[in-house]
Amino acid sequence: MPYRPEHDEVANPLRKGLRAKRVPGPCAVVIFGASGDLTMRKLFPALFALEALGELPGGFAVVGCANTPMASEEWRAKMREALSKHGRVKPESTPDGEALWERFAAGVHYVSGDFSDPRCFEKLKTVLEEVDRARGTRGNRLFYCATPPSAFPALLEGLKSAGMIAPPYSDNTTSVVIEKPFGRDAPSARALNELVHTVLDESQVFRIDHYLGKETVQNLLVFRFGNAIFEPVWNRAYIDHVQITAAEELGVERRGRYYDSAGVLRDMIQNHVLQLVTLTAMEPPVAFDADAMRDEKVKVLRAVRTNAEFVLGQYSAGAIGTSDVPAYRDEPDVAKDSRTETFAALKLYIDNWRWGGVPFYIRSGKRLPKRTTEIAVVFRPVAHALFGSSATQQNVLSVRVQPDEGISIRFNAKVPGESYRPRAVNMDFSYGAAFGGQAPEAYERLLLDALRGDQTLFTRSDEVQAAWRIVGDVLTSSAEKEPAPYESGSWGPREAHEMLARDGRRWRRL
Ligand code: BG6
């Protein structure tokens, strides 16, 4: 029997009714960049997990497309291997998984070709027509651009010239998922958006940011707008400041070539971290739909003051746990004199009525002491120190995005005994304890939404543009500067701590 979510519901009745099932219509998914890491680690395993969960339509197929010459059989074998290595749902450990894989694999094909050569798209078109006949995918397509960004223009133009884009709102659907980074700066993002709009209607474009696929990130919306008690204090009258940290223990691994031309500002801040800022700071949307949601997020980004204070850093050699790790400049495919930043801390102000004067300190970096992403809302101190100066700590509401997903609230409690001695304690909610089971991978949720045509968790053109405005500013003013060195395994350069110390604050100890 294939793995079904109902099994979880039997084991844990709290899961019952957590998911509203809406199976998408028949569709062929084409993955450009089919031999890359993202396909192997995330995309293909996500598609197979969706199949195992019964979320995919009957008429379904996957066509991989990349430059590497390979027969479909070979790509299938690679994908099978990828499932064992990286899959949340592996055929070998799922009841009836091997039979499920055989059925799924019958709809898996591969087309090799150079994206700048029109013949590649002609070949793909022929294969897709065959797939329509054999698998009942009915001319509906989801094209996933999982390539380096330099290939996006050729892909869009190739699809258009080959007549592979159905008009919007017609009988056949065409959706195009575009990976990040969407552009390198504001002008290149604008140019890419212009090109996108010559080929597609905005309703067909899915700019992906996988942080929006994380359960904990989506829960921010439920937490803020599904509860009555937090929203009244969610503003400058009660909040002292907000800290957002997206820390990674890993270095650049095998991605030196890409990373050295990107840096943390383009790789994490412009997209993932600013998305966390928007969800924390946005006004309640008038409806829970793509436009209403994204309208509010764009307003936040537009309200962010330019010329933010910032600190950039680059990791030097050090130790993570018990292992010695090399300096960034000694990583493979990284220039020996690289000025690429692997750490950034910014102090943002959102100039609107809700947030006027409340700093949002955001930071992200590689080779920090641990992998942790957290949003901490720090409340103002009590108005009158009844129990002695600095006897109480500021209340903090912290959202643990990952790992150990949950939310906690710090408040002061009386230490038992004769005197009124307060001590900070935590009230904690943990996803694992409350809901059990394994949360779906971000890519599962996002692929399913894209297949259903739901753009709520994807970024709109004006949103990407507005995010680049904030980061572009930092990129310009830091262009000629050396990033400050920080030892691998530390919490970034000294200057990042000094930035908060100047405001009489400190980064949270995570
Ligand atoms: C990716 C970045 O978008 O996000 C990587 O390109 C980074 O550099 C990754 O490691 C982090 O994602 P997660 O889900 O592990 O926090």
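Just so you know, these numbers come straight off a predicted model, no measurement behind them. Here, residues in each chain are numbered from 1, in the same order as that chain's written sequence. Since the coordinates come from a predicted model, pLDDT governs what is reported: local features require at least 70, and pairs of side-chain atoms require 80 or more to be given and counted, while whole-chain, interface and lining totals use all residues. Only hydrogens and water are removed before side-chain values are computed, so all heavy atoms of the structure are retained for them.

Chemist: Would you mind showing me how to read the overall build of the chain here?
Modeler: Think of it this way: any DSSP run of H or I at least four residues long counts as a helix, any run of E at least two long counts as a strand, and we number them from the N terminus. Summing up its helical and strand segments, the chain has 15 helices and 17 strands in all. We compute the radius of gyration over the C-alpha atoms and compare it with the globule rule, which gives 2.2 Å times the number of residues raised to the power 0.38. Over its C-alpha trace the chain gives a radius of gyration of 24 Å, about what one expects of a compact globule, namely 24 Å for 510 residues. For the chain, the spread of C-alpha atoms along the principal axes amounts to about 80 × 55 × 50 Å. When burial is assessed residue by residue, the chain has 54% of its 510 residues classed as buried. The contacts of the chain with a sequence gap of at least 6 include a subset with a gap of at least 24, amounting to 76%. Computed with the Shrake-Rupley method and a 1.4 Å probe, the accessible areas treat only the protein chains shown as cover for residues. By element, 53% of the accessible surface of the chain is carried by carbon and sulfur atoms, the whole surface being about 22600 Å². Only four residue types enter the charge count, namely Lys and Arg as positive and Asp and Glu as negative; His and the chain termini do not. The atom standing in for a charge is NZ when the residue is Lys, CZ when it is Arg, CG when it is Asp and CD when it is Glu. Mean positive and mean negative side-chain charge positions of the chain (66 and 66 charges, respectively) differ by 4 Å. Type-normalised accessible area, obtained with a 1.4 Å probe on protein chains alone, sets the label of each residue: buried when under 20%, exposed when over 50%, and partly exposed for intermediate values. Contact criterion: two residues are considered in contact whenever any of their non-hydrogen atoms come within 4.5 Å of each other.

Chemist: Can you help me understand the pattern of salt bridges in this one?
Modeler: Opposite charge on two side chains permits pairing when their charged atoms draw close. A pairing counts as a salt bridge when a side-chain nitrogen of Lys or Arg comes within 4 Å of a carboxyl oxygen of Asp or Glu. Counted by the stated rule, this structure contains 39 salt bridges. Note that Glu-374 is salt-bridged to Arg-508, the shortest N-O span being 2.8 Å. Of this pair, Glu-374 sits in strand β13 (residues 372–379) while Arg-508 sits in the segment after α15 (494–501), placing them 134 residues apart in sequence. By relative accessible area, which is 6% here, Glu-374 ends up buried. A salt bridge links Asp-404 to Arg-400; the shortest N-O distance between them is 3.5 Å. Shared partners join several salt bridges into a network, and the residues in it are Arg-224, Glu-231, Glu-283 and Arg-354.

Chemist: What is the right way to read unusual backbone geometry from this model?
Modeler: The residue after Lys-180, namely Pro-181, is reached through a cis peptide bond having omega -5°. Assignment of secondary structure puts Pro-181 in the loop between β5 (174–178) and α7 (186–199). With an omega of -20°, the peptide bond running from Gln-402 to Pro-403 counts as cis. Here Pro-403 lies in the loop between β14 (396–402) and β15 (406–414). Of note in this structure, Arg-138 is not a glycine but carries a positive phi near 55°. Relative to the elements of secondary structure, Arg-138 occurs in the loop between α5 (118–135) and β4 (141–145). When its relative accessible area of 61% is taken as the criterion, Arg-138 is described as exposed. Look at Asp-404: it is not a glycine, yet its phi comes out positive at around 50°. Here Asp-404 lies in the loop between β14 and β15. By relative accessible area, Asp-404 is classed as exposed at 51%.

Chemist: Explanation requested: the sheet that holds β5 in the structure shown.
Modeler: Strand pairing in a sheet takes place through backbone hydrogen bonds and is either antiparallel or parallel in direction. Here the rule is simple: two strands pair whenever DSSP picks up at least two bridges between them. Read from one edge to the other, the open sheet built from 6 strands follows the order β3-β2-β1-β4-β5-β6, with strand pairing classed as parallel. Both edges of this open sheet fall to β3 (108–112) and β6 (205–207), since each of them pairs with a single strand only. Averaged over all pairs of adjacent strands, the angle between their axes in this sheet comes to 20°, without regard to strand direction. Strand direction decides the pairing type here: β5 and β6, joined by 3 bridges, are parallel. What sits directly across from Val-176, in β6, is Val-205. Against the sheet, helix α2 (residues 37–52) engages β1 (27–32), β2 (60–66), β3 and β4, with an angle of about 170° to β1. Seen against the sheet, helix α6 (residues 152–161) touches β1, β4 and β5 and runs at an angle of roughly 160° to β4. As a rule, the C-alpha atoms of each element are fitted with a line to give its axis, helices using only the stretch in contact, and angles between N-to-C directions run from 0 to 180 degrees.

Chemist: For this particular structure, what's the right way to read the packing of aromatic side chains?
Modeler: Note on aromatic pairs: each is described by the distance of the centres and the angle between the planes. Two aromatic rings from Phe, Tyr or Trp, using only the six-membered ring of Trp, form a pair when their centres are within 6.5 Å; if the ring planes differ by under 30 degrees the pair is stacked, by over 60 it is edge-to-face, and anything between is tilted. The final tally for this structure, using the stated rule, is 25 aromatic pairs. Aromatic pair Trp-75 and Tyr-110: ring centres 5.8 Å apart, planes at 35°, arrangement tilted. Of this pair, Trp-75 sits in helix α3 (residues 72–86) while Tyr-110 sits in strand β3; the two residues are 35 residues apart in sequence, bridging distant segments of the chain. For the pair Trp-75 and Tyr-110, a shared accessibility class is recorded, and that class is buried. Judged by centre distance (6.1 Å) and plane angle (70°), the rings of Tyr-361 and Trp-507 are edge-to-face. Taken together, the positions of Tyr-361 in strand β12 (residues 359–365) and Trp-507 in the segment after α15 put the pair 146 residues apart, joining distant regions of the chain. A residue is classified by how much of its surface remains accessible, and Tyr-361, at 0% relative accessible area, is buried. Here Trp-507 falls in the buried class, since its relative accessible area comes to 7%. Taking the ring centre of Phe-182 as reference, the NZ or CZ of Arg-207 above it sits at 5.0 Å. Our definition puts a charge over a ring when NZ of Lys or CZ of Arg is within 6 Å of the ring centre and also within 35 degrees of the ring normal.

Chemist: Explanation requested: the site of the ligand in the structure shown.
Modeler: Neighbouring residues of the ligand: Lys-180, His-210, Tyr-211, Lys-214, Glu-248, Arg-255, Asp-267, Met-268, His-272, Lys-366, Arg-371 and Gln-402. Counting of polar contacts relies on pairs of N or O atoms within 3.5 Å, with two restrictions inside protein: one atom must be capable of donating a hydrogen and the other of accepting it, and residues adjacent in sequence are counted only when both atoms are side-chain atoms. Separating an oxygen atom of the ligand from a side-chain N or O atom of Lys-180 is a distance of 2.7 Å. Taking 400 Å² as the accessible area of the ligand by itself, protein coverage stands at 81%. The greatest single-element share of the shell around the ligand, amounting to 3 residues, is contributed by helix α10 (residues 264–281). When grouped by side-chain class, the residues that make up the shell around the ligand number 2 nonpolar, 3 polar and 7 charged. Definition of nearness: a residue and a molecule or strand are near each other if at least one heavy atom of the residue lies within 4 Å of the molecule or strand. Ten residue types, Ala, Val, Leu, Ile, Met, Phe, Trp, Tyr, Cys and Pro, are classed as nonpolar, four, Asp, Glu, Lys and Arg, as charged, and the remainder, Gly among them, as polar.

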